[in-house]
Structure formats: C-alpha cells, structure tokens
Amino acid sequence: MKKIPLIIDTDPGIDDAVALAFAFHHPAIDLKLISTVAGNVNVDKTTDNALRLVEYFDVEVPVAKGCSEPLIKELEDCSEIHGESGMDGYDFGPITRKPLDVHAVEALRQTILASPDPVTLMPIAALTNIALLFKIYPETKANIKEIVLMGGSLARGNTTTAAEFNIFTDPEAAAIVFKAGLPLTMIGLDVTSKAVLTTTEIEKIKTMNQTGAMFASLFGHYRGGSMKTGLKMHDVCALAALVEPAIFSMQSTYVEVQTGDTAANGATVADLKMKYHTEANADVALEVDVERFRKWFLEMLALTK
Ligand code: BDR
Ligand code: CA
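Everything numeric in this text was worked out from a predicted model, so none of it was measured.

### Let's talk about the site of ligand 1
- Around ligand 1, the surrounding shell holds 13 residues, and the nearest of these are Asp15, Asp16, Asn40, Glu164 and Asp235.
- The separation between an oxygen atom of ligand 1 and a polar side-chain atom of Asp15 is 2.6 Å.
- Between ligand 1 and the protein, one listed contact pairs an oxygen atom with a side-chain N or O atom of Glu164 at 2.5 Å.
- Here ligand 1, which alone exposes 280 Å², has 97% of that area covered by the protein.
- Taken together, the elements giving at least two residues each to the shell around ligand 1 come down to α1 (14-25) and α6 (165-169).
- Among the residues forming the shell around ligand 1, the class breakdown is 4 nonpolar, 5 polar and 4 charged.

Below, the structure is given as structure tokens:
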C-alpha cells in the first residue's frame, strides 16, 4: 500500500496530541514532519509538547519549531482549555529529543520539495507557518496534494461569537491559505463539536493500553467540553477525514475568511448556495457520524502501545 506523505502543523494541545499519536500509528500514513506554531500555548511549549510525544512513542519524526506570533494580531493563547503547559495532566518526564535547527517554514519547504509524491498538509492550529510558506516559497504549492485542516465553523465560533480558535488566532494567515488555490478540506466546529468522547468511551480508553491511560490522564485536565457533555476531539477529526472520509458528509463551497477589527474577525463565511462565487475553494464538513467516529477512535487507539 502506498502511504500518504503527510505533514502536521500543530500547537499541542491535548486534542493535537491525540491526532499526532494516531498519525504515528496509522498504517496508511507516512508522517514526514511536525511543524509547530504558537496557539494553544506559546511556541516553545508547543514544540516541547510535540517532542514529548515523539519521544513517548519513540518515533523518528522530525519536529521543527515555527512562528511564535500570528502575522498581525497579538497571540491570545488558550491555556485555560489545555493547561499552562498545553498538555497538562501527564508527566512525560524530561525531553531528550531536539527540534531541527531550521525554522519550520524552511523545514516545510525542504520536506515538501524533497518528497517524491505530493504531500498532504494537515494544519490543526493557526495557519501562520503555512501562510508564510506560501508567501515565501510559492513553488512548494506544486508538490502539495491537498490541505486538510481543523479550523473554522459554518455557524458560531468557540472563541468569539463568530470565530473558531485556530482561525481567530491568525485570521490574516487563514485568509492567505484559503485563497492559495490548493484543494482544501475544512473540518470545522460543525462536526468537531459533535465528535465527542463521553465517560463511556473514556472509561474504556483508560484501561485499554498505556496510551489510553495517558490520554485519560490528559483528558482529566482538558476543558474542551466536559465529562458530562463529552470531550471534543477537534483535531483528530482532520485525520479521520483524511483516512476515513465516509465518517463525514461534505459540501464543496467557497469560504471567505473575515479579517479586520470587527466582531466578524476570524469568521469563516461559507457561500453554501454559491450566490457570490462561481468556483469553490473548499470542501467543508457538514455532518459527522459520531458512532462511526468513536468506533474508529477505539480502533486507532488499539494500534498504539
Ligand atoms: C482548535 O483550537 C485548539 O484549542 C484545538 O487544539 C483545536 O485545534 C479547536 O477550536
Ligand atoms: Ca490544535
């Protein structure tokens, strides 16, 4: 089986940790690079957390540290959801792995251009690194197959009334990426807020294996939802959409990213009826089969240590 060459751009982040863990283990994925960015917490912490996961699972995936700030806005982190470290709740011990000695944007360029097959990009954080990549090295676009991202919302946001966190963190970057002219899949809050794990799954996970116990420990500190209403597994939905697309129903449309100092900043407005656009720039997720998602989640967990 030919594997999918994948790069994950991330800000771990408890739900990012799950996405990375599963990407390490999925038999159809060849994870070539993890690039980090500021978002849930600052970029030093998100980089340390990515290194912790690489070390915990003992995988040889390079980690490159990226942008410490959004393109224009000030960084407003999300440590109230993920904890001070970004991955509170589990003691991973000291980190011995090191990040690459080049900036993530440079590592992205090198990795994309070196890949014999076009690479899939999976941003599960603010789009700062990816926007800079497209501005500085537009030639990389020719070797990118598609972008499958977690971010945005067709309805309300989770950070402001209108905006989802990853897009709100760097709306200008998101606007650049959505207009990049590449095939783009948007896995937004419309589905990720429904893809929740309840106490039933979490009890199962806890005793399934070592990774399950580690996840359960992180989940005890995660404020992305609650144990009562279910924990939102935002970022791993992007991976699920790539490897098990049938879990989601999708629509091709045009998504406009709002920028500027208004209450709409960071909103992703989809022209679902294509009244204002003739060509789509994104496939957006409309619905998720939650039971199927949970089944896939447990199957993926079973592949880990
Ligand atoms: C997104 O925001 C972050 O807190 C999560 O890691 C996810 O990428 C959800 O809005
Ligand atoms: Ca994230």
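### Overview of the sheet that holds strand β8 (residues 225-226)
- Read from one edge to the other, the open sheet built from 3 strands follows the order β7-β9-β8, with strand pairing classed as antiparallel. Only two strands of the sheet have a single partner each, and these edge strands are β7 (196-197) and β8.

### Regarding the nonpolar core
- Grouped together as the largest cluster of nonpolar side chains are 62 residues, with contacts concentrated most on Phe22, Phe24, Phe215, Met233, Phe293, Trp296 and Phe297.
- At 9 residues, the largest contribution of residues to this core is made by α1.
- Once you skip the residues sitting within four places of it in the chain, Phe24 turns out to touch Leu31, Ile34, Leu53, Val54, Phe57, Val59 and Val61.
- Core analysis: the second largest hydrophobic core is formed by 33 residues, Leu108, Leu121, Ala173 and Val177 among them.

### A closer look at the packing of helix α9 (residues 199-208) against helix α12 (residues 290-302)
- Contact geometry for α9 and α12: axes closest at 11 Å, N-to-C directions at 10°. The orientation of α9 with respect to α12, classified from their angle, is roughly parallel. Here Glu201, Lys204, Ile205 and Met208 of α9 lie close against α12, whose contacting residues are Arg294, Phe297, Leu298, Leu301 and Ala302.
- Of the residues belonging to the contact of α9 with α12, the class tally is 6 nonpolar, no polar and 3 charged.

### Description of the sheet that holds strand β6 (residues 184-187)
- With mixed pairing, the 8 strands of this open sheet are ordered in space as β3-β2-β1-β4-β5-β6-β13-β10. Of all the strands in the sheet, just β3 (63-65) and β10 (248-253) have a single pairing partner and so form its edges. Averaged over all adjacent pairs, the angle separating strand axes in this sheet is 25°, with direction ignored.
- Along the sheet, α1 makes contact with β1 (4-10) and β2 (29-36), crossing β2 at roughly 150°.

### As for the side chain of Thr128
- Relative to the assigned elements, Thr128 resides in helix α5 (residues 128-136).
- Under the relative-accessibility criterion, Thr128 is labelled buried at 1%.
- Apart from residues no more than four positions distant in its own chain, Thr128 is found in contact with Val37, Cys67, Glu69, Pro70, Leu71, Asp170 and Ala173.

### A word on the coordination of the calcium ion (ligand 2)
- For the calcium ion (ligand 2), the protein coordination sphere consists of Asp11 (OD), Asp16 (OD), Asp16 (OD), Ile124 (O) and Asp235 (OD), at 2.3 to 2.6 Å.
- Counting gaps between the donor residues of the calcium ion (ligand 2) yields the pattern D-x4-D-x107-I-x110-D. Taken together, the positions of Asp16 in helix α1 and Asp235 in the loop between β9 (230-232) and α11 (236-243) put the pair 219 residues apart, joining distant regions of the chain. Comparing Asp16 with Asp235 shows no difference in burial state: the two are buried.

### Overview of the pairing of β1
- With 6 of its 7 residues buried, β1 lies for the most part within the structure.
- Note: β1 against β2, 7 bridges, orientation parallel. Bridged to Leu6 within β2 is Leu31.
- You can see the chain leave β1, run along α1 and come back into β2, and the turn it takes is right-handed.
- In the sheet, β1 pairs with strand β4 (residues 119-123) via 4 bridges, with the strands oriented parallel.

Rules used throughout
- Residues numbered from 1 in each chain as written.
- Chains lettered and ligands numbered in written order.
- Predicted model: local features only at pLDDT ≥ 70, side-chain atom pairs only at ≥ 80, totals over all residues.
- Heavy atoms only, no water.
- Near = heavy atom within 4 Å.
- Polar contact = N/O pair within 3.5 Å; in protein donor to acceptor, adjacent residues only side chain to side chain.
- Areas by Shrake-Rupley, 256 points an atom, 1.4 Å probe, with all protein chains shown as cover.
- Helix = DSSP H or I, 4+ residues; strand = E, 2+ residues; numbered from the N terminus.
- Nonpolar A, V, L, I, M, F, W, Y, C, P; charged D, E, K, R; others polar.
- Pairing = 2+ DSSP bridges.
- Core = buried A, V, L, I, M, F, W, Y, C linked by side-chain atoms within 4.5 Å.
- Buried < 20%, exposed > 50% of the residue type's maximum accessible area, 1.4 Å probe, protein only.
- Contact = heavy atoms within 4.5 Å.
- Axes fitted to C-alpha atoms, helices over the stretch in contact; angles between N-to-C directions.
- Parallel < 35°, antiparallel > 145°, perpendicular 65-115°, else oblique.
- Donors = N, O, S within 2.8 Å, 3.2 Å for Na, K, Ca; no water.
- Right-handed = clockwise from strand over helix to strand, strands pointing away.

The values reported here are purely geometric and, on their own, carry no functional implication.
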